[in-house]
Structures are given as structure tokens and as C-alpha cells.
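Residue-level structural notes
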Amino acid sequence: MNRQHPSRPARRSFMVSTGLALAMPGLAGATVVAATRHDRDSLSLWYDKPAGPWVEALPIGNGRLGAMVFGRAAQERVQLNEDTLFAGGPYDPSNPDALAALPRVRALIDQEKFKEAADLASASMMGKPMRQMPYGAAGDLLLDFPGVQGAAHYRRSLDLDTAVATASFTDGATRHLREAFASEPDQVVVLHLTATGGRPLDLDVGYRAPANVKYGDTQTPPAPFQGAAWDLRESTDASQRPATLAIRPDGAGALLAEGRNQPAQGIPAALRYAVRVRAVSDGAATVDGDRLRVRGATAITLLVSCATSYVNYADVSGDPVALVRARTDAAARKPYARLKADHVAAHRALFQRFSIRLGGGAVDARPTHERIAVSEAVPDPGLAALYVQYARYLLLASSRPGSQPANLQGRWNEGNSPPWGGKYTININTEMNYWPAHAANLAECVEPVLRMIEDLAITGAVTARKHYGARGWVTHHNTDLWRATAPIDGPNFGMWPLGGAWMCKTLWDHYEYHPDEAWLRRIYPLLKGAALFFVDAMVEDPKGRGLVTSPSMSPEHNHHPGVALCAGPAMDRQIIRDLFGWTLQAHAALKDPDAGFAATLATMRNRLPADRIGALGQLQEWLEDWDAKKDTHRHVSHLYGVYPSEQINVRDTPDLIAAAKVSLDIRGDKSTGWATAWRLVLWARMGDGDRAHAILTGLLGPTRTYPNMFDAHPPFQIDGNFGGTAGILEMIVQSWGGEIRLLPALPAAWPEGALRGVRARGGVELDIDWAQGRLRRVALRGRPGAAVRLRHGTRLLDVTLDRNGRATPEII
């Protein structure tokens, strides 16, 4: 239901006011938004206790490096991550038996012998090995402070505007202040420790190897701050170190750890890694065996760098020791104030483009974990706004140009056995990581996805040929650092060939938000190769319903007990329809002379079976009407056409929207973290702001949000943070179907608020204000001469931006 506020006016619907010009060539930056006092005060997570469990620590990152800072007084723990520290090494997972088995598997599916088809696929078509390589951790730094005896007036915080984590407390007459950040300009983690007004600062730094921490048994978030104490101490016991780890002095005031990654699934360890810590201090810094010691200081700056020998998915010949030495030594030549200033400037250049305010009251003064704990019972619009800015911070911290993309845990993972391997699950989760990137004005964060897809187009061409006898390239439901593309995990999970095609939507979204021919030329071969695979791999439906994928599945969902394999599920048809459409648009825009290819694509696109409405009134998940009356499965794959696609929408396909709502009602509003976020964004896209807000309230509560605001699947998966943020933005501004929709799903709980710097398709940037549930002001910026169509409720306004890229003021 598209609920409108009773007080919303029928006549003066909205005003378009002038804005500044905005140049947007490719990845060019947008205007910097001037933050209000309210915005600045709303941009911190803070706590009155140190962290106990990992999900209470605060994340910092620069895209390539990540760290979790615990804020403990007598012994600080800083847990480290580096984006290429996966297990194993280069490998080809192709199964030599797959191609011969393919016709038999398809025949069994046509005969509806699904169990037999799955058994044959399991025996002959899965990748070798059956699992991919997990993401590992880079170990821990343990910082012991021998002189610290207590911690009064304690506070720790994460300032999203500066990307600096801080802990402060007093110990007797001594005031301790500790700052931590991950510098993108200098490619180091920086820890700055000061003690004033009392005893000097003594410090011992030890390195601890990555642990084999397992999360799979943790199904509920831990109670916050149980056992966290200022004097909590952990060990760097040398007897627990792996034989491949060496820790030694590396010059004056520097400690170097060198190790190897883990083997996995029969793939030998191929990476070397290094962690170097260098101290810059006004005290005496020495290295004593495997400890870096500083004595008698008032200020200490620790510069930390991590690196591996990874060059690319086929080359592990890099020199990690040379890299960490160069980075820490270069950073040591800068004073701390310069390091911090450069870091903050680089962060703010991207982060400050956008601001959000929900509600007009004072900022909630309670610690963040207390706000989360009561958020389902106590209205807190500011927490939702903080959630959006935190997600933007997390994306900047885990996906920057030159880094790996954000994985299931972004960049943060405590050990060598993360949930689901900490890989790239591309049947929803990796895509969801980037759902808010463009609207939230962080387009640069998509660059790692482009480079990963360029790799996958190479490795996926091998899988296409060896597994399907097809041209083009294909990727299934997971990939890893080594760009593995074969099906894994068993036929009921991995026998789904649409992962790469769905990833291409992130690239196409970038083009729609930032129209740029250079970007289009770069992605066109990827789109064309992905489409070419389906030109070769789709088959005729035996019942004459058109062209279908086979074997495939609706991701991770059984249509009958124990059986997921099928032909032509709804999601496949929707993604291929999009992929062929994007490819045809790019073909025309770039004047590709291959007219035969375009004609083939257009013909095949028209032969994809249309979406169907089943006996329950639901949108069918499969070609057959197999949907169950009681089905609370986490995936809602057949609703891809609603969001992130726009094939099914409130303007053009009301009957299918009604069917999608029936499907969502059957599934229910509560699910795992990321699946709850998808439900939220779907209801927002369909215009039901109050339903979306009710789901958001559950997502922000303590069962789905950890004390540090990480999304609780549980366990931690970062996609819920990103998907929830996309849903919040969809409630306020949407852009699809050639229109920008203003307040399309505004809930009653947010009668006033403002966005600055939100992006829309067509290269447009908006500012928007509303009060008492009514739109008050809109400012547009974009390309000079651009035509923009705005919709508010049932009213439309066409605007042409002037030669300065400004909107002409009009009222309708």
C-alpha cells in the first residue's frame, strides 16, 4: 500500500530550486556537502566500555587493509586484515567430466527426474575441488601497557566523518588518548598513543598469528559487553605459532612478521605475507626478540603495514617484505599530524559528498549499543540515519580503487575459518554490497568490481568451454581471490550459472548513474561475453514455453523436498532479459558493426518466458507453479525483477506487483540479516513506506545488529548493512523507468528530514527536504542541458538543466 500522509497537500506538490553545476566524467567526484551541526553530531558510534567479543570492536579500513580496534586499556588488541590473504593459490576448478554429463542432466530435468539429475550433476559437473578458498586474517597486534593500573572516565568512539577510532580514559593523574585509522594515502594502519599529566607511557607490542576462529556455531548475537574489562589480557604464546611464521627485528624500532597463507581443499598454500610494525616515539624504542618495546614516552605512533605476494589471480611472485618496509618507512617520514590530516582529507573528499537527516530532534546521547538494544521499542530516526552513514563508511573502508571488492565480511574477519569462507557469494550477497554505492554518492567504490569481472571473464571463459561447450564466459554462485568460476558446494547450491550475469548489473548501474562512453566501452566486452554464453547455453523448453537455462535453480531454494535443480526459474529469465537489454543498448550506443549478434540477442530475448502469476496469486518462482503456501525461505530470488531490476514496477506492471506482494507476504518480514534487508528494499520500491519501516525497525534491533552496528546474519555478514541502507534511500528517492521519484515510500515515522548529495540515474544529483510529511524543496545538479523527469505522487514535472547544470525553478 502506498500510504500518503493525510496532511500532504493536493495542490502545491513540490518546488525545484537551483543548485550548483556538477561535472561527472566517469568516476569524477561530486560536490562536497557542507555538514550541519546536527549532521556532525550524528556521525559517531560511541561506547562507555571497551570491547569484549569481536563484534563489539570498531572497524577501520582503507579498502586494502582492515583492522578491528577493541579499545582496551591495559592491553589493546588490534586485529588485522589484508584483502588478498586468502587460502590456497592459483587453480583451475574445471571438471573434465562436466561437458559429457550435461546433455544427460538436461534430459533428466526435462523428464522431471530432478533427484537423478542432481545426483548426476553432483558426481560429474561440480568443480574440483568442491569448495573454494576462504578469506583469512592477518593476525593480531597485542599492545601491553605495563604502567596502566585502571581506566576511569572511559570513552571510545568511531567518528565516521574523520574515519578515526578513539579511546580515552584516565589512570590516576594520567590522561590516555589513543587514535587509530587506516590511511588510504599512506597505505598503513596508524595507531597514535599519548599519555599526559602523569606517568610516562611504556608499551610492549607483540604479534599473534591468525586464529582458526569458527563462527558457524554462533547463531545468536552475544549479550553486549559481557566480560569486557580494562585489564583483559590475551597471549602471544610462541608455542602456538605455526611453523611457517617468523617474527624478528627489522631495523631500529621495527618488528617484522613473515608467514604463509593456509592450504585448503587440497590446494597448496602459495602466498607469502608480511606484517611490519614501526614505532616513532619521543621515548626509547627497541626490539627485544619478538617484542617491540617503547619506554618513557609521552607520544607513540605505530605504523602498521600488511601485504602478500599476490600480484593477480595467476601470479604470486610479489615481495610482501619490500612492500611493508617501503610503506612503513615512507609513513615514518611524516609527522603524525600530517599523516592524520592527509588521511582525513582523502576520506572526507568522498564521505562528505552526502548527508542525511531523519527527524528534527536532538541527537540521542546514549551509547550506541544502548540505542540498538531499545530501538525496536523506542523511536530513533537518528539511528537509521547513522546506519546509512555507517554503511557508507564501511563501503569506503572495504572497497577502494585498486583493492579487492568487499566480500561477505567486507574487509574484516577474525580468523582463518570465516562464515561461508568469507568469499564472494554472487547469488545475492556481493551484489547487495554495492546496492547503495551510487545513490549514496560513492561510485568510486565500484572500481574493484569492474576489475574482478574482467578477471572472471577470463577464467569464466574456461568454465564456459569445458563445462558447457559454450562461448563467452560464466560464473556460478561463488568466487574467490583466484577467480574460480565452476559450480561448488553441491548441485542444490552451486549449479546456477547466473552469478557473472548478475554481477554485470553493478557495472550497468554505474553507467546509468554516471553516463560515460569510456566506461561503456570498457564494460561492453564483458556484457557481450556474458550474453554470448547464454546464446549458446540456453535450450528449448520441452513444453514449448521458450528458451530456458538448464540445469539451473532458484538460488538455494528447493522446489520439492531435497531438490533444487530445474530449468528456467524466474530469476534466470529476469537477469538474462536485463543482460540482453543492456548489451543491446551498449551495442547501439557504441555502433558495434556486429549486426548479426544484435539480431540474435533481440530474437532470443523475446523468446524468454514471461513472468507468471500462480494459483496463490503469487509471482511464480519457477516455470511450474510449485510455490508453497507456507514458505519462509530467506532468498526471494524471483523478485529480482522488482529490485534491483525494474522490470516489474508499480507504474507499468501493477498485476505483477500485486503478485510480488503476495509472494513477500508468504515469505514473511523476518529473516536472516541480508534477507531482511532485501525485503525492506522490495517494499520500499513498491511504495509501502510503513511496511518497509517496520522491517527496518527489526533490522536495526539487537537480534540483527551487533553492538558495533555490524549486520547480524547471524553471524556477521556485511551485506545486511548495505542492503538496509539501499532500502532507506529507496524510501526517500528512487530513480528508474526514466523518472526520479521523490518521497515514494516515506513512512509516517519520518515526517521531516533532508538528504544532500543523493544520486539518481542519468547523472543527476539531488538535495531534498521535507517537513510534516510534505516535500519542501528539491535542488538538482547534473550535466548541462540534461532532461530530468520528476515524479511526486501522481504529479510529473519535466525539467531541463541549464548551461550551468542547474534546474530551472518551478512549482507545480
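For the structure itself, consult the block above.
As a starting point, this report considers the structure included with it. Note that the structure is predicted; figures quoted are calculated from it, not measured.

Moving on to helix H18 (residues 719-732). Given a rise of 1.5 Å per residue, 14 residues ought to cover 20 Å, and the 21 Å separating the end C-alpha atoms of H18 matches this to within 8%. In terms of residue burial, H18 counts as a mostly covered element, since 14 of its 14 residues are buried.

Relative to the assigned elements, Glu556 resides in the loop between strand S24 (547-548) and helix H13 (570-589). The class of Glu556 is buried, set by a relative accessible area of 16%. The spacing of Glu556 and Tyr336 is 220 residues in sequence and 50 Å in space, taken between C-alpha atoms. Not counting chain neighbours up to four residues away, the residues in contact with Glu556 comprise Asn427, His477, Asn492, Phe493, His633, Arg634 and His635.

Once that is clear, we can look at the sheet that holds strand S31 (residues 795-800). Taking strand neighbours across the sheet as the criterion, the four strands line up as S25-S26-S30-S31 in an open arrangement whose pairing is mixed. The sheet is open, and its two borders are formed by strand S25 (733-736) and S31, each paired with just one other strand. Neighbour-to-neighbour, the strand axes of this sheet turn through a mean angle of 25°, independent of strand direction. In terms of strand pairing, S25 meets strand S26 (residues 739-742) through four bridges, oriented antiparallel. By the bridge assignment, Val733 is partnered in S26 with Leu742.

Per the counting criterion, the structure on display carries eight cavities of 30 Å³ or more. Quantified by volume, the largest cavity comes out at close to 290 Å³. Taken together, 23 residues form the lining of the largest cavity, with Trp435, Asp509, Tyr513, Tyr643 and Arg761 sitting closest to its centre. Within the residue set of the lining of the largest cavity, elements represented by two or more residues are helix H11 (499-513), H18, S25 and strand S27 (753-760). In terms of residue count, the dominant contributor to the lining of the largest cavity is H11 (five residues). Considered class by class, the residues forming the lining of the largest cavity number 12 nonpolar, four polar and seven charged. By volume, the second largest cavity amounts to about 120 Å³. Considering the residues around the second largest cavity, the lining is formed by 17 residues, among which Val69, Glu76, Ala167, Arg178 and Ala180 are closest to the centre. When the residues that make up the lining of the second largest cavity are grouped by side-chain class, the tally is 10 nonpolar, three polar and four charged.

Let us now look at the layout of surface pockets. Quantified by volume, the largest pocket comes out at close to 670 Å³. In terms of lining residues, the largest pocket is bounded by 27 residues, among which Pro419, Trp420, Gly421, Lys423 and Asp489 are the most central. Across the lining of the largest pocket, the residue classes break down as nine nonpolar, 13 polar and five charged. Here the second largest pocket defines a volume of roughly 390 Å³. Taken together, 31 residues line the second largest pocket, and the ones lying closest to its centre are Ala209, Pro210, Ala211, Pro242 and Asn416.

By the bridge criterion, four bridges tie strand S2 (residues 44-47) to strand S7 (residues 152-159) in an arrangement that is antiparallel. When the sheet's bridge partners are listed, Leu45 is paired in S7 with Leu158. Where S7 meets strand S8 (residues 164-171), six bridges bridge the pair, whose relative direction is antiparallel. The residue bridging Ser157 from the neighbouring strand is Thr166, located in S8. Taking the residues between adjacent antiparallel strands as the criterion, S7 and S8 are bridged by four residues, where Ala163 takes a positive phi near 60°.

Okay, the side chain of His792 next. Inspection of the secondary structure assignment puts His792 in strand S30 (residues 787-792). When its relative accessible area of 5% is taken as the criterion, His792 is described as buried. Side-chain polar atoms of His792 contact the backbone oxygen of Leu742, separated by 3.2 Å.

Counted under the stated rule, the structure contains 20 aromatic pairs. Measuring from centroid to centroid gives 5.1 Å for Phe86 and Tyr135, while their planes differ by 45°, and the two rings are tilted. Within this pair, whereas Phe86 is found in the loop between strand S5 (75-82) and helix H2 (98-110), its partner Tyr135 is found in the loop between helix H3 (114-124) and strand S6 (140-144), the two being separated by 49 residues in sequence. The residues Phe86 and Tyr135 share a single accessibility class, namely buried. Here Trp435 and Tyr643 contribute two aromatic rings whose centre-to-centre distance is 4.9 Å and whose plane-to-plane angle is 85°, an arrangement assigned as edge-to-face. Of this pair, Trp435 sits in the loop between helix H8 (429-433) and helix H9 (447-468) while Tyr643 sits in the loop between helix H14 (595-606) and helix H15 (654-667); the two residues are 208 residues apart in sequence, bridging distant segments of the chain.

All right, on to the sheet that holds strand S10 (residues 188-196) then. Taking strand neighbours across the sheet as the criterion, the nine strands line up as S2-S7-S8-S9-S10-S18-S15-S14-S13 in an open arrangement whose pairing is antiparallel. The open sheet has two free edges, formed respectively by S2 and strand S13 (246-249), since each of these has just one partner strand. Sheet twist, expressed as the mean angle between neighbouring strand axes with direction ignored, is 15°. Direction of pairing for strand S15 (residues 272-281) relative to strand S18 (residues 299-308): antiparallel, over a ladder of nine bridges. Bridge pairing in S18 places Arg276 opposite Ser305.

Moving on, we get to the nonpolar core. Ile60, Leu302, Leu579, Phe580, Trp678 and Leu780 are the most contacted members of the largest nonpolar core, which has 234 residues in total. Contacts of Leu579, omitting those with residues within four sequence positions, involve Ala501, Cys504, Leu527, Ala530, Ala531 and Phe534. Listed in part, the nine residues of the second largest apolar core include Leu303, Ala331, Tyr336 and Leu339.

Cut-offs used in this document
Residues numbered from 1 in each chain as written. Predicted model: local features only at pLDDT ≥ 70, side-chain atom pairs only at ≥ 80, totals over all residues. Heavy atoms only, no water. Helix = DSSP H or I, 4+ residues; strand = E, 2+ residues; numbered from the N terminus. Expected span 1.5 Å × (residues − 1). Buried < 20%, exposed > 50% of the residue type's maximum accessible area, 1.4 Å probe, protein only. Contact = heavy atoms within 4.5 Å. Pairing = 2+ DSSP bridges. Axes fitted to C-alpha atoms, helices over the stretch in contact; angles between N-to-C directions. 1 Å grid on protein atoms, 1.4 Å probe; cavity = no way out; pocket = protein on both sides within 12 Å on 5 of 7 lines; lining within 4 Å. Points joined across faces, edges and corners; volume = space filled by probe spheres on them. Nonpolar A, V, L, I, M, F, W, Y, C, P; charged D, E, K, R; others polar. Polar contact = N/O pair within 3.5 Å; in protein donor to acceptor, adjacent residues only side chain to side chain. Phe/Tyr/Trp six-rings, centres within 6.5 Å; stacked < 30°, edge-to-face > 60°. Core = buried A, V, L, I, M, F, W, Y, C linked by side-chain atoms within 4.5 Å.

Bear in mind that shape data such as this cannot, by itself, settle questions of function.
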